[in-house]
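If you want the building blocks of each chain, they are given just below.
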Amino acid sequence: MKRLMMLGPPGAGKGTQAQQLVEAFQIPQISTGDLLRAAKRDGTDLGKLAAPYMDNGRLVPDELVIGMVKERIALPDAKNGYIFDGFPRTRNQSEALDEMGIALDHVISIDVSEPELIRRLEGRRSCKECKAVYHLVFAAPKVAGTCDRCGSSPLLQRPDDMPVKIKQRLVEYAEETEPLIDFYGEKGLLIQIDGEGDPKEVKKRIQSALGT
Ligand code: AP5
């Protein structure tokens, strides 16, 4: 059983690096952002409740996210562990994990400067079909606007990657999530990673810290 958590501000590369760990450990990535976007797209009750928060760059209320995570980790593919990406994001969410009897093995905190976060978020594009993530400059597709993996086009910009929404997400991160760095540091679970530079370099830093 392996339970990892990716912690970091919007655009730090949590999703990008979680994907690498999926291959290394053969356990699923559980991204609360992806799950909420799917719920919103499918028009479920959860999606309808979460949408106004997400559209404004605010955190979705804890009880909605915690319920969603409980259901997700009960699925068979999570029986050997998982990589949380974007969860827990508040003190209440981390306490809910404790109440569920779930102990994390490591919390990987990715550190990136604010100007670089903004560059990454403004240039991010995603495939609407297979959800592959690109960047206009740092991780461009082979053919502009077309997904390398499934051929779909055009690639889309996330509505919360507009400048005004990015600003709000950074505020939410500083107020609600950043304090978890000290919280997990005090528990002895924190691995701090310099997230600047080539994604392959960042991957190496994480692997070396995890001893894989
Ligand atoms: P979520 O989807 O989790 O967004 P986020 O935390 O803001 O994180 P991002 O997905 O924006 O960034 P990332 O760190 O994964 O970076 P990525 O690898 O994509 O959440 C969205 C919303 O859902 C929230 O605002 C909230 O409303 C709600 N929500 C989700 N979880 C919640 C929770 N637990 N509680 C309450 N509400 C919740 O990389 C970004 C870009 O940079 C990409 O283009 C990538 O190609 C590029 N890139 C990556 N690494 C590098 C590198 N080393 N160098 C250059 N470019 C790079």
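The structure under discussion appears in the preceding block.
Remember, predicted model here, so these are calculated numbers, not experimental data.

Rules behind the numbers
Residues numbered from 1 in each chain as written. Predicted model: local features only at pLDDT ≥ 70, side-chain atom pairs only at ≥ 80, totals over all residues. Heavy atoms only, no water. Helix = DSSP H or I, 4+ residues; strand = E, 2+ residues; numbered from the N terminus. Rg over C-alpha atoms; globule rule 2.2 N^0.38 Å. Buried < 20%, exposed > 50% of the residue type's maximum accessible area, 1.4 Å probe, protein only. Contact = heavy atoms within 4.5 Å. Areas by Shrake-Rupley, 256 points an atom, 1.4 Å probe, with all protein chains shown as cover. Pairing = 2+ DSSP bridges. Expected span 1.5 Å × (residues − 1). Arc of directions from axis to C-beta. Core = buried A, V, L, I, M, F, W, Y, C linked by side-chain atoms within 4.5 Å. Patch = residues over 30% accessible without salt bridge, like charges linked within 9 Å, V, L, I, M, F, W, Y side chains within 5 Å. Salt bridge = Lys/Arg side-chain N within 4 Å of Asp/Glu carboxyl O. Lys, Arg positive; Asp, Glu negative; His and termini not counted. Charge placed at Lys NZ, Arg CZ, Asp CG, Glu CD. Near = heavy atom within 4 Å. Polar contact = N/O pair within 3.5 Å; in protein donor to acceptor, adjacent residues only side chain to side chain. 1 Å grid on protein atoms, 1.4 Å probe; cavity = no way out; pocket = protein on both sides within 12 Å on 5 of 7 lines; lining within 4 Å. Points joined across faces, edges and corners; volume = space filled by probe spheres on them. Nonpolar A, V, L, I, M, F, W, Y, C, P; charged D, E, K, R; others polar.

Chemist: Is there a simple way to explain the overall build of the chain in this structure?
Modeler: Looking only at helices and strands, the chain has 9 helices and 7 strands in total. Over its C-alpha trace the chain gives a radius of gyration of 16 Å, about what one expects of a compact globule, namely 17 Å for 212 residues. Along the first, second and third principal axes, the C-alpha atoms of the chain reach 45 × 40 × 35 Å. Residues classed as buried in the chain amount to 45% of the 212 residues present. Pairs at least 24 apart in sequence give 65% of the contacts found in the chain among residues at least 6 apart. As displayed, the chain has an accessible area near 11100 Å², and 51% of this comes from carbon and sulfur atoms.

Chemist: Help me out: how do you make sense of the pairing of strand β4 (residues 106–111) in this one?
Modeler: For a regular strand, the rule is simple: side chains alternate between the two faces of the sheet. Two strands pair when backbone bridges link them, and strand β1 (residues 2–7) and β4 are joined in this way by 4 bridges, in the parallel orientation. Across the sheet, the residue bridging to Met6 is Ile108, located in β4. Alignment of β4 against strand β7 (residues 190–194), held across 5 bridges, turns out to be parallel. Paired with Ile108 across the two strands is Ile191, which belongs to β7.

Chemist: Is there a simple way to think about helix α9 (residues 199–210) in this case?
Modeler: For the α-helix, the turn length of 3.6 residues means that residues three or four positions removed from each other point alike. For α9, with 12 residues, the first-to-last C-alpha span of 16 Å sits near the 16 Å given by 1.5 Å per residue. If you check which residues of α9 are buried, you get Val202, Ile206 and Leu210. Along α9, the residues classed as buried sweep out an arc of 70° about the axis, all on the same side. Those residues of α9 that are exposed and aimed more than 90 degrees away from the buried face are Lys200 and Ser208.

Chemist: Got a minute to help me understand the environment of Ser94 in this structure?
Modeler: Along the chain, Ser94 falls in helix α5 (residues 91–99). Sequence separation between Ser94 and Ile191 is 97 residues; the distance between their C-alpha atoms is 17 Å. When neighbours within four sequence positions are excluded, Ser94 is seen to be in contact with Pro88, Leu180, Phe183 and Tyr184.

Chemist: Just to check I follow, could you spell out the nonpolar core for this structure?
Modeler: Considering soluble globular proteins, one finds that nonpolar side chains tend to be buried as a cluster. In this structure, Phe84, Leu104 and Tyr184 are the most contacted members of the largest nonpolar core, which totals 27 residues. Here this core gets 5 residues from one element, more than from any other, and that element is helix α4 (residues 62–73). Among the nonpolar cores identified, the runner-up in size contains 19 residues, and Ile83, Leu117, Ile206 and Leu210 belong to it.

Chemist: For this particular structure, what's the right way to read a negative patch on the surface?
Modeler: There is a patch of like negative charges on the surface, built from Asp111, Glu178, Asp182 and Glu186. Structurally, the position occupied by Asp111 is in strand β4. Taking the relative accessible area as the measure of exposure, Asp111 reaches 54% and is therefore exposed.

Chemist: Looking at this model, I keep getting lost on the site of the ligand. Mind explaining?
Modeler: Taken together, 37 residues sit near the ligand, with Thr16, Arg58, Arg89, Arg124 and Arg169 positioned nearest. One of the backbone nitrogen or oxygen atoms of Ala12 is found 3.2 Å away from an oxygen atom of the ligand. Contact distances for the ligand include 2.9 Å between a nitrogen atom and a side-chain N or O atom of Gln93. Protein contact buries 96% of the 1000 Å² of open area that the ligand shows by itself.

Chemist: Just to check I follow, could you spell out empty space enclosed by the protein for this structure?
Modeler: One water molecule sets the probe size; rolling that probe over the atoms shows where empty space is left. In total, this model carries 1 cavity of 30 Å³ or more according to the counting rule given. The calculated volume of the largest cavity comes to roughly 40 Å³. Looking at the largest cavity, the residues that line it are Met5, Met6, Leu7, Gly8, Lys14, Gly86, Phe87, Pro88, Arg89 and Thr177. Per-element accounting of the lining of the largest cavity gives the leading share, 3 residues, to β1. Taken together, the residues that form the lining of the largest cavity break down as 5 nonpolar, 3 polar and 2 charged.

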